[in-house]
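Listed below are the residues making up each chain.
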Amino acid sequence: MKRRTFLQQTTAAGTLIGLGGLTLSSFSAKTKKITILHTNDVHSHIDPFGPNDGRNANKGGVARRATLIENVRRENSNTLLLDAGDIFQGTPYFNYYGGELEFKLMSMLKYDLATIGNHDFDNSIDGLYAQLPNAKFDFVNANYDFSNTVLDTHIKPYKIFIKDGIKIGIFGLGIELEGLVNKKMYKETVYLDPIEKAQDMSRILKEDEQCDLIICLSHLGYNYKNSPNKVSDLVLARKTKDIDLIIGGHTHTFLKKPTIERNSNNENVLINQVGCYGLYVGRIDFYFESGKEKIANSRTIIV
Amino acid sequence: MKLRHLLLWSALGFILSCKNEVHLNKIEGQRISISDSIESKTDIEAFIKPFRERVTKDLDNVLAYASDTYSKTDGELNTAIGNFMADAVYLESNPIFKKRTGNSIDMVLLNHGGIRAIISKGNISARTAYEIMPFDNEVVIIAMKGIKVKELIRFLAERKRAHPISKLKLTLDQDYNISEASINGKSIDDSKTYYVATSDFLYEGGDRMTFFKPNEGVENLDYKLRNLFIDHFKKIDTLSPTIDNRFTRLKK
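Residues numbered from 1 in each chain as written. Chains lettered and ligands numbered in written order. Predicted model: local features only at pLDDT ≥ 70, side-chain atom pairs only at ≥ 80, totals over all residues. Heavy atoms only, no water.

With an unreviewed UniProt entry as reference, chain B is termed 5'-nucleotidase C-terminal domain-containing protein, source organism Winogradskyella immobilis.

Under an unreviewed UniProt entry, chain A has the name Metallophosphatase and belongs to Winogradskyella immobilis. Under the heading Sequence similarities (unreviewed entry), UniProt records this for chain A: "Belongs to the 5'-nucleotidase family." (UniProt positions renumbered as here; feature names shortened; annotations may be inferred.)

**Things to note about the overall build of chain A**
Counting its secondary structure elements, chain A contains eight helices and 15 strands. Burial analysis of chain A (303 residues in total) assigns 57% to the buried set. Long-range pairs, those at least 24 residues apart, make up 77% of the contacts in chain A with a sequence separation of at least 6. With an accessible surface of roughly 12600 Å², chain A has 48% of that area assigned to carbon and sulfur atoms. (Helix = DSSP H or I, 4+ residues; strand = E, 2+ residues; numbered from the N terminus. Buried < 20%, exposed > 50% of the residue type's maximum accessible area, 1.4 Å probe, protein only. Contact = heavy atoms within 4.5 Å. Areas by Shrake-Rupley, 256 points an atom, 1.4 Å probe, with all protein chains shown as cover.)

**What to know about the packing of helix 3 (residues 80–101) of chain B against helix 7 (residues 225–235) of chain B**
Residues and elements named next belong to chain B. As a packed pair, helix 3 and helix 7 sit with axes 10 Å apart at the nearest point and diverge in direction by 85°. With respect to their mutual orientation, helix 3 and helix 7 come out roughly perpendicular. Across the interface between the two elements, F84, M85, A88, V89, L91, E92 and S93 from helix 3 touch L225, L228, F229, H232, F233 and K235 from helix 7. (Axes fitted to C-alpha atoms, helices over the stretch in contact; angles between N-to-C directions. Parallel < 35°, antiparallel > 145°, perpendicular 65-115°, else oblique.)

**Some thoughts on unusual backbone geometry**
Comment: phi is negative for the bulk of residues other than glycine, and the bulk of peptide bonds are trans. A cis geometry characterises the amide bond from K213 of chain B onward to P214 of chain B, with omega recorded as -5°. Backbone geometry at D41 of chain A places phi at a positive 50°, although glycine is not the residue there. Mapped onto the elements, D41 of chain A comes out in the loop between strand 2 (31–39) and helix 2 (62–75). Of note in the backbone geometry, H250 of chain A takes a positive phi value of approximately 80° without being a glycine. Looking at where H250 of chain A falls in the secondary structure, it is placed in the loop between strand 11 (245–247) and strand 12 (259–262).

**Focus on the UniProt feature "domain: 5'-Nucleotidase C-terminal" (unreviewed entry) in chain B**
On the UniProt side, "domain: 5'-Nucleotidase C-terminal" (unreviewed entry) is annotated at positions that read residues 68–213 of chain B here. Taken end to end, residues 68–213 of chain B is 32% helix and 25% strand, and its two terminal C-alpha atoms sit 38 Å from one another.

**Remarks on the interface of chain B and chain A**
Across the contact, 43 residues belong to chain B and 70 residues belong to chain A. For the pair chain B and chain A, the summed buried area comes to about 5600 Å², and 59% of that belongs to carbon and sulfur atoms. Taken together, chain B and chain A are joined by four salt bridges. A salt bridge links D222 of chain B to K184 of chain A; the nearest nitrogen and oxygen atoms lie 3.2 Å apart. Where chain B packs against chain A, one counts 22 residue pairs in polar contact (both at pLDDT 80 or more). Where the side of chain B that touches chain A is concerned, the elements lending two or more residues are helix 1 (2–15), strand 1 (22–33), helix 2 (42–59) and strand 11 (217–224) of chain B. Top element by residues in the side of chain B that touches chain A is strand 1 of chain B. It accounts for 12 residues. As paired elements, strand 15 (residues 300–302) of chain A and strand 1 of chain B share three bridges and run parallel to each other. Note that in strand 1 of chain B the partner of T300 of chain A across the bridge is K26 of chain B. (Buried area = accessible area lost by both parts, 1.4 Å probe. Salt bridge = Lys/Arg side-chain N within 4 Å of Asp/Glu carboxyl O. Polar contact = N/O pair within 3.5 Å; in protein donor to acceptor, adjacent residues only side chain to side chain. Pairing = 2+ DSSP bridges.)

**Focus on the pairing of strand 2 (residues 62–66) of chain B**
Residues and elements named next belong to chain B. Across four bridges, strand 2 lies against strand 4 (residues 122–125) in antiparallel orientation. Its bridge partner being in strand 4, A66 is matched across the sheet by G122. In terms of strand pairing, strand 2 meets strand 12 (residues 238–239) through two bridges, oriented parallel. Pairing of A66 across the sheet is with L239, part of strand 12.

**Here we look at the sheet that holds strand 10 (residues 193–199) of chain B**
Residue and element names in this part refer to chain B. Across the sheet, which stays open at both edges, the five strands sit in the order 6-3-10-5-11 with mixed pairing between neighbours. Of all the strands in the sheet, the pair left with one neighbour each is strand 6 (165–166) and strand 11. Looking at chain direction, strand 3 (residues 107–109) and strand 6 are connected through two bridges and run antiparallel. Bridged to L109 within strand 6 is I165. In the packing of helix 3 onto the sheet, contacts are made with strand 3, strand 5 (138–145), strand 6, strand 10 and strand 11, and the angle to strand 11 comes to roughly 115°.

**Describing the confidence of the model for chain B**
Residues and elements named next belong to chain B. Mean pLDDT over chain B: 91, with 92% of residues reaching 70 or higher. This model gives residues 11–19 a pLDDT under 50, and the stretch forms seven contacts once residues within four places in sequence are excluded. Confidence metrics for the complex model read pTM 0.76 and ipTM 0.89. (pLDDT = per-residue confidence, 0-100.)

See the structure below:
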C-alpha cells in the first residue's frame, strides 16, 4: 500500500527521456524485467537511528531493509541486490565484531555482490580477509592488484549472473587508497587506473562474454567539484562505453533520482548513489524486449 | 501453478534463445526510503538482538561520573573538556612512551574539531568515549626541534581556536601575538628536541597542521584515543575538569 503511494509520487515527480526511434516495439515481443536493488556506505549502521537523532531520526535499519527487499523479490524473482562498499566502520558494532555482523546480515538479506570501499580496510586487509567466510556473497574489484596480499584470488574483477536468460556482467572499481587509508592497513594492494580497467572490463563483458546488461559497482565517488579531473563516477561514465549502470559510493551523495550521463559513444549511462547509512535503497528496473531486430537507441529511461 | 509457469517460461526461453534477440528498451529508476513505516523482518531483528544487548550492556556500563556538562564551546582558548582530553592523553600515554623509549612526553596537542560531542552531567560509560571520539585515531609521539615547536605555537596563535593542549603554557597578548610560551616552566629552545603527543590524523596534516613534518622521529603507540579515554574513565571516579590558564589571551 505504502509502496504504491511511493511509486505514484516518483512517477509524478519523474522525468521521461525517450531517445530517437521507437519506444513501442512494432513486433510481438515478450518483456523480461531485471530489478537491481542497491546500497552503499552503510557503515555498520545496523540499528535504525534513534528517535532523538538530530538528522535521521527513526530512519534506516537492516531489519526494515530486509522486509523491503523481500517484498521486491516476491514481486520480481529476477532481482539482484548489490552494495558499492564501505560496509564497515561507523558504529560500535564494527569495533566490537570487526564486520562479522555486517557480513552475516548481508548474507541473510541475500546480497548477490559487493565491491570494496576504503573503510573496508579499517581493520587492515587481514581483518577484511578474516571476515570473508561470513559473507555468502562475492566481492568484485578490477583495479586493485591483490597479488601480493592475502586477498589474492579471493576478489574477482567481475561476476556474471544469468536471470531469466538475461546475461548480466558486474565489475567493481575502488578508490585510490594512498592518502585515505594507512599503508599498513592496505599493505601491498596496488591501485590501478580505474578508467583503463573499466574500458577493459566493458570490452570483456560486452564482446567476449556477450552480456546483455553491464553494471559497474564503484567506490570512486560521484563527483569532485573542486577537482573535476579527479576520477569519479561522472568522469568514468563519460570516458567509457557499453556500461548501462554505475552504482556509486564513497561521497555519501544522496541522489533523489539516478543521473543520466552520456558515454564516449554518446549513449546514455545511468549513475546512482543512495547516500549512506542504509537510509535508502536504490531500485533500477531494466525491461528487455525480445525481437528479431535490435533498434539502436530506442530505450526509454524513466527516473 | 508454479510448474506451469516454469514450463511456459522455458518454452518462451527456447523460442527466444537465439543470441542477440533481446534488447534493453526501458529503464526505470527510483529511490526507496527506509523509514519506520516499513515493518522490521522478525528473523533479522532476532538475529541482531543478542549482539545489540552485548554492545549496549558493555557500552552503558558506568565507568565514572561527570560532575557537570562539558562542551567544547565553553571557553575562549581552552575548554574544560579539551583540557580533560589532552591531559588524559598525557597521563595514559607517557608511561607507555617512557617504557618504550626512555623519553618523556613534553606536550600534547589535539584539535578542537576532534571533540565530537559533549560530555553530559551524570554517568560516564564507554559510549561516552565513542561519542567524543568515534574515529579510530591513534596516539603518535613526534620528536621535534624547538624551532618546529615554535611553528606549532604560531599556528595556535594564528588559528585563535581552543585546540586542546597539555603541558604547554601559551599566553597571547590582546592582539593574539605570542606573549609567553613555555614547556615545563622554560621557554622553548630552538635546538632542543621535544616529544609532542598528538593523533595520527593530525600528524598526517589533518586540520591543516603541517608543522609536524619534517621531524626527528615518530613513535606510534598503536593506542586508539577512544580506548585511551575508556581506560582513563576506568581509573577516575569523578570527572570535573576546569578551564585554566594554559592557553589564554591577555585582556586590557
